[in-house]
Amino acid sequence: MQNLAPQPAPHAVATTSIGIYGSAGRMGRAIVDAIEAAGASLAGGVDAREDPKPLARVADVLVDFSTASAVEAHLAAARDAGTAIVIGTTGLSPQNQSMIDDAARDIAILQTGNTSLGVTLLGILVREAAARLGPDWDVEIVEMHHKHKVDAPSGTALLLGDAAAKGRGSSLAELRVDSRAGLVGARTEGTIGFASLRGGSVIGDHSVIFAGEGERIELNHRGDDRSIFARGAVRAAIWLAGQPAGRYRMGDVLGL
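A brief look at the structure comes next. All values derive from a computational prediction rather than experimental measurement. (Residues numbered from 1 in each chain as written. Predicted model: local features only at pLDDT ≥ 70, side-chain atom pairs only at ≥ 80, totals over all residues. Heavy atoms only, no water.)

Further remarks concern unusual backbone geometry. Note that the residue after Ala-152, namely Pro-153, is joined by a cis bond; omega there is -10°. Here Pro-153 is to be found in the loop between strand 6 (138-145) and helix 7 (155-167). With a phi close to 70°, Arg-49 is a non-glycine residue in the positive phi region. As for its placement among the helices and strands, Arg-49 is situated in the loop between strand 2 (41-46) and helix 3 (53-58). A relative accessible area of 84% places Arg-49 in the exposed class. (Helix = DSSP H or I, 4+ residues; strand = E, 2+ residues; numbered from the N terminus. Buried < 20%, exposed > 50% of the residue type's maximum accessible area, 1.4 Å probe, protein only.)

As structure tokens, then:
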């Protein structure tokens, strides 16, 4: 569907001031570099136990790569200031998602499990494949990340699972099956399985496997450098700064 939302003017990049929640983390530091590379300006950064409100008042748009426990306070600060916010924090709860839905009535919010432009396109391909292939094609999602990652499955894996479920006209909550162990019985047709691997310094590898009788399709994405997420987040932030209140996806940034 064609994206009819207002687009930022050509000069918007140079005049967009971006604030970072979670600025001291690895992603926060990468976003600082991406802001400079994009020609935008840095409004400042806030980390744990710091008041998020002053930054929300001076930034044109906020980027949040902090922790799930901080999302509520960051949303409140953005909403009070009327400032758009990109939320790339993973491990969000259903309650967090409800808060985002509620805040999106007043401000522009883009929430995603992955800001990579490549992963965004992969999600579109997964949804299309799931819609075209029948339920007799089993869907399995395998992801691997560095040993310090605390949530599983990854936000990206869940994003891809959601795309597959929507392609089948269902919801991920209905079809999701997490890691299997022991005598769990035969696979239930139509379900979407997840497997999470952790080790080393892997930035993020994701595979979506469509397994049919006698054939198999694999759609993969490998994240070799954290800068891919930072560049996507900054591109999303610059785009979001010009949008009306509502909830947006990374696909909207690409017009998909």
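Let us keep going from here.
Turning to helix 4 (residues 71-81), a few remarks are in order. Buried residues of helix 4: Val-71, His-74, Leu-75, Ala-77 and Ala-78, and no others. Each buried residue of helix 4 lies within a common arc of 165° when the element is viewed along its axis, so the set occupies one face. Once helix 4 finishes, Gly-82 follows within two positions and takes phi at roughly 70°, a positive value. (Arc of directions from axis to C-beta.)

The next subject is a nonpolar patch on the surface. A grouping of Leu-121, Ile-124, Leu-125 and Leu-256 is seen on the molecular surface, where their side chains present a nonpolar patch of about 320 Å² in accessible area. Within the secondary structure layout, Leu-125 lies in helix 6 (residues 117-132). On the accessibility criterion, Leu-125 (44% relative accessible area) is partly exposed. (Patch = residues over 30% accessible without salt bridge, like charges linked within 9 Å, V, L, I, M, F, W, Y side chains within 5 Å. Areas by Shrake-Rupley, 256 points an atom, 1.4 Å probe, with all protein chains shown as cover. Salt bridge = Lys/Arg side-chain N within 4 Å of Asp/Glu carboxyl O.)

Okay, the packing of aromatic side chains next. Following the criterion strictly, the structure yields one aromatic pair and no others. Aromatic pair Trp-239 and Tyr-248: ring centres 5.3 Å apart, planes at 80°, arrangement edge-to-face. Taken individually, Trp-239 and Tyr-248 each receive the classification buried, so the pair is uniform in this respect. The ring of Phe-194 has Arg-176 sitting right over it, with the charged end atom 5.8 Å from the ring centre. (Phe/Tyr/Trp six-rings, centres within 6.5 Å; stacked < 30°, edge-to-face > 60°. Lys NZ or Arg CZ within 6 Å of the ring centre and 35° of its normal.)

It is worth spelling out the pairing of strand 2 at this point. As defined by bridge partners, strand 1 (residues 17-21) adjoins strand 2 across five bridges and the pair is classed as parallel. Within the sheet, the bridge partner assigned to Gly-19 lies in strand 2 and is Gly-44. You can see the chain leave strand 1, run along helix 2 (residues 26-38) and come back into strand 2, and the turn it takes is right-handed. (Pairing = 2+ DSSP bridges. Right-handed = clockwise from strand over helix to strand, strands pointing away.)

Here we have six strands laid out as an open sheet, ordered 2-1-3-4-5-11, and parallel in their pairing. Edge positions in the sheet fall to strand 2 and strand 11 (246-248), since each of these pairs with one other strand and no more. Neighbour-to-neighbour, the strand axes of the sheet open up by a mean angle of 20°, direction not taken into account. As judged from the four bridges shared by strand 1 and strand 3 (residues 61-64), these two strands associate in the parallel manner. Looking across to strand 3, one finds that Ile-20 is bridged to Val-63. Docked against the sheet, helix 2 engages strand 1, strand 2 and strand 3, running at close to 170° with respect to strand 1. The strands touched by helix 9 (residues 227-240) within the sheet are strand 1, strand 3, strand 4 (84-87), strand 5 (108-111) and strand 11, with strand 4 carrying the most contacts at an inclination of about 155°. (Axes fitted to C-alpha atoms, helices over the stretch in contact; angles between N-to-C directions. Contact = heavy atoms within 4.5 Å.)

Examined against the element boundaries, Glu-218 turns out to sit in strand 10 (residues 215-223). Given a relative accessible area of 41%, Glu-218 falls into the partly exposed group. C-alpha separation for the pair Glu-218 and Gly-232, spaced 14 residues apart in sequence, amounts to 24 Å. When residues no more than four places from it in sequence are discounted, the contact partners of Glu-218 are Val-208 and Ile-209. Looking at Glu-218, its side chain comes within polar contact range of the side chain of Arg-216, at 3.1 Å. (Polar contact = N/O pair within 3.5 Å; in protein donor to acceptor, adjacent residues only side chain to side chain.)

Between helix 4 and helix 5 (residues 94-103), whose axes approach to 10 Å, the crossing angle comes to 5°. The angle between helix 4 and helix 5 places the two elements in the roughly parallel class. Along its contact with helix 4, which presents Glu-72, Leu-75 and Arg-79, the element helix 5 presents Met-99, Ile-100, Asp-102 and Ala-103. Grouping the constituent residues of the contact of helix 4 with helix 5 by class yields four nonpolar, no polar and three charged. (Parallel < 35°, antiparallel > 145°, perpendicular 65-115°, else oblique. Nonpolar A, V, L, I, M, F, W, Y, C, P; charged D, E, K, R; others polar.)

Time to look at the sheet that holds strand 9 (residues 204-212). Spatially, the five strands line up as an open sheet ordered 7-8-6-9-10, and their pairing is mixed. Across the chains shown, the open sheet's two edge strands, defined by having one partner strand only, are strand 7 (176-177) and strand 10. Bridge count between strand 7 and strand 8 (residues 192-198): two bridges; the pairing is parallel. Each bridged residue has a counterpart across the sheet, and for Val-177 the counterpart in strand 8 is Gly-193. Relative to strand 10, helix 6 is tilted by about 165°, and along the sheet it contacts strand 9 and strand 10. Sheet strands in contact with helix 7 are strand 6, strand 7, strand 8 and strand 9, and its direction is about 165° off that of strand 8.

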